[in-house]
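Chain and residue survey
Here are the chains, one letter per residue:
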Amino acid sequence: MKFVQVIDFKTDQIDGMNQLMDKWMEQTKGRRSATHSVVGKDRSDSSHFVEIVDFPSHEEAMKNSRLPETGQIFQEMVALCDGAPSFTDLDVVRDEQLNTAAARRFFGEIAVDGNLDAIDELFAPDYRDHDISKDVDATIGSAEIRKDVTGWRGAFDFTFTINRQISEGDDVVTLWSWTGTHRGEFMGIAATGKRCTMTGTTVFRFRDGRIQEGWWHYDIMQIMRTLGVLR
């Protein structure tokens, strides 16, 4: 079970605290088990900070705390604090990456299942698209997205397999595999009934909970070879 430790502290020397954290990260390289750390400052009290540290499990967190460098750096951190820091240990019972889930909705609910009404929920009105199969980048609205999805769905019966997703900041990267049977006209090519496959990567950038920009990289040449257009 994933584990989170919340450290609540007060200090007027946050630069010194950051230097200590950089020092600890360098000293424990290759041995620490912490996977993610976020430090937030209280808007109503500029000396009040909260650090949230992610671990794969409570056991891994305990290994991390037993590192000799951890104990030494902790003593130095306490010296910079106004009073002793408080610690809250939390077993994670729910971990929902909202942007990641929204990206999955496009591939499953919209592209495969055909719920085009969800496009307005997921995409910003001034969504900007970067697609290797198109000549120019364009700012497009929901009508153009509907046209693209409808075109692919009319040409192929297809499914997406999400192989991996990575979320950082406002960006969600999705590595996917696509399999489709050619049932209708595609780029001027009449239906062949052939089974096509390709892999690709899509980066969605989110703003205010909706997809603002997208980058599409996929092996369109593999489809064209399968359909006999390329050798």
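The structure under discussion appears in the preceding block.
From a predicted model like this one, the values you see are computed outputs, not experimental measurements.

For helix 6 (residues 142-155), which comprises 14 residues, the first-to-last C-alpha distance of 20 Å matches the rise-based estimate of 20 Å (1.5 Å per residue) to within 8%. Buried residues of helix 6: I145, V149 and A155, and no others. The arc that holds every buried residue of helix 6, seen down its axis, measures 140°, which confines them to one face. Across helix 6 from its buried face, at more than 90 degrees, point the exposed residues A143 and K147.

Before going further, it helps to spend a moment on the packing of aromatic side chains. Each pair of aromatic rings is reported with the distance of its centres and the angle of its planes. The final tally for this structure, using the stated rule, is 24 aromatic pairs. Ring centres of F3 and F55 lie 6.2 Å apart, and the angle between their planes is 45°; on these two criteria the pair is classed as tilted. Placement of F3 in strand 1 (residues 3-10) and of F55 in strand 3 (residues 48-55) is noted, with a sequence separation of 52 residues between them. Both residues of the pair, F3 and F55, count as buried. Here the aromatic rings of F107 and F160 are separated by 5.0 Å at their centres, their planes lie at 75°, and the arrangement is edge-to-face. Of this pair, F107 sits in helix 4 (residues 98-112) while F160 sits in strand 7 (residues 156-168), placing them 53 residues apart in sequence.

It is worth spelling out the pairing of strand 8 (residues 171-182) at this point. Looking at chain direction, strand 7 and strand 8 are connected through 12 bridges and run antiparallel. When the bridges of strand 8 are listed, F160 appears paired with W178. The hairpin turn running from strand 7 into strand 8, its antiparallel successor, is 2 residues long, and G169 in that turn takes a positive phi close to 60°. Two elements, strand 8 and strand 9 (residues 195-207), share 11 bridges in a ladder whose sense is antiparallel. The residue bridging S177 from the neighbouring strand is T199, located in strand 9.

With respect to the element layout, E69 can be found in helix 3 (residues 68-80). Those residues in contact with E69 that sit more than four places away from it in its chain are W24, Q27, T28 and R31.

Of all hydrophobic cores here, the largest spans 33 residues; its most connected members are F106, F123, F204 and I223. Top element by residues in this core is helix 4. It accounts for 6 residues. In this view, F123 contacts F106, I110, I145, F204, R210 and I211; residues no more than four positions away in its chain are not counted. Within the second largest apolar cluster, 14 residues are counted, among which are F9, I73, M77 and L80.

The next subject is the sheet that holds strand 2 (residues 36-41). The antiparallel open sheet is built from 4 strands, whose spatial order is 2-3-1-4. Strands at the two margins of the open sheet, each flanked by one partner only, are strand 2 and strand 4 (86-91). Strand-to-strand twist in this sheet, taken as the mean axis angle between neighbours without regard to direction, amounts to 15°. Relative to strand 3, strand 1 runs antiparallel, the two sharing 8 bridges. When the bridges of strand 3 are listed, F3 appears paired with F55.

Let us now look at the sheet that holds strand 8. The mixed open sheet is built from 6 strands, whose spatial order is 6-5-10-9-8-7. Only two strands of the sheet have a single neighbouring strand rather than two, namely strand 6 (138-139) and strand 7. Each of strand 5 (123-131), strand 7, strand 8, strand 9 and strand 10 (210-218) is contacted by helix 4, which is oriented at about 175° to strand 7, the strand it contacts most. Contacting strand 5, strand 7, strand 8, strand 9 and strand 10, helix 6 crosses the sheet at an angle of about 130° to strand 7.

Let us now look at the environment of E59. Tracing the sequence through the fold places E59 in helix 2 (residues 58-65). Owing to a relative accessible area of 51%, E59 belongs among the exposed residues under this scheme. Taking C-alpha positions, E59 is 9.5 Å from M1, a pair spaced 58 residues apart along the chain.

Criteria and cut-off values
- Residues numbered from 1 in each chain as written.
- Predicted model: local features only at pLDDT ≥ 70, side-chain atom pairs only at ≥ 80, totals over all residues.
- Heavy atoms only, no water.
- Helix = DSSP H or I, 4+ residues; strand = E, 2+ residues; numbered from the N terminus.
- Expected span 1.5 Å × (residues − 1).
- Buried < 20%, exposed > 50% of the residue type's maximum accessible area, 1.4 Å probe, protein only.
- Arc of directions from axis to C-beta.
- Phe/Tyr/Trp six-rings, centres within 6.5 Å; stacked < 30°, edge-to-face > 60°.
- Pairing = 2+ DSSP bridges.
- Contact = heavy atoms within 4.5 Å.
- Core = buried A, V, L, I, M, F, W, Y, C linked by side-chain atoms within 4.5 Å.
- Axes fitted to C-alpha atoms, helices over the stretch in contact; angles between N-to-C directions.

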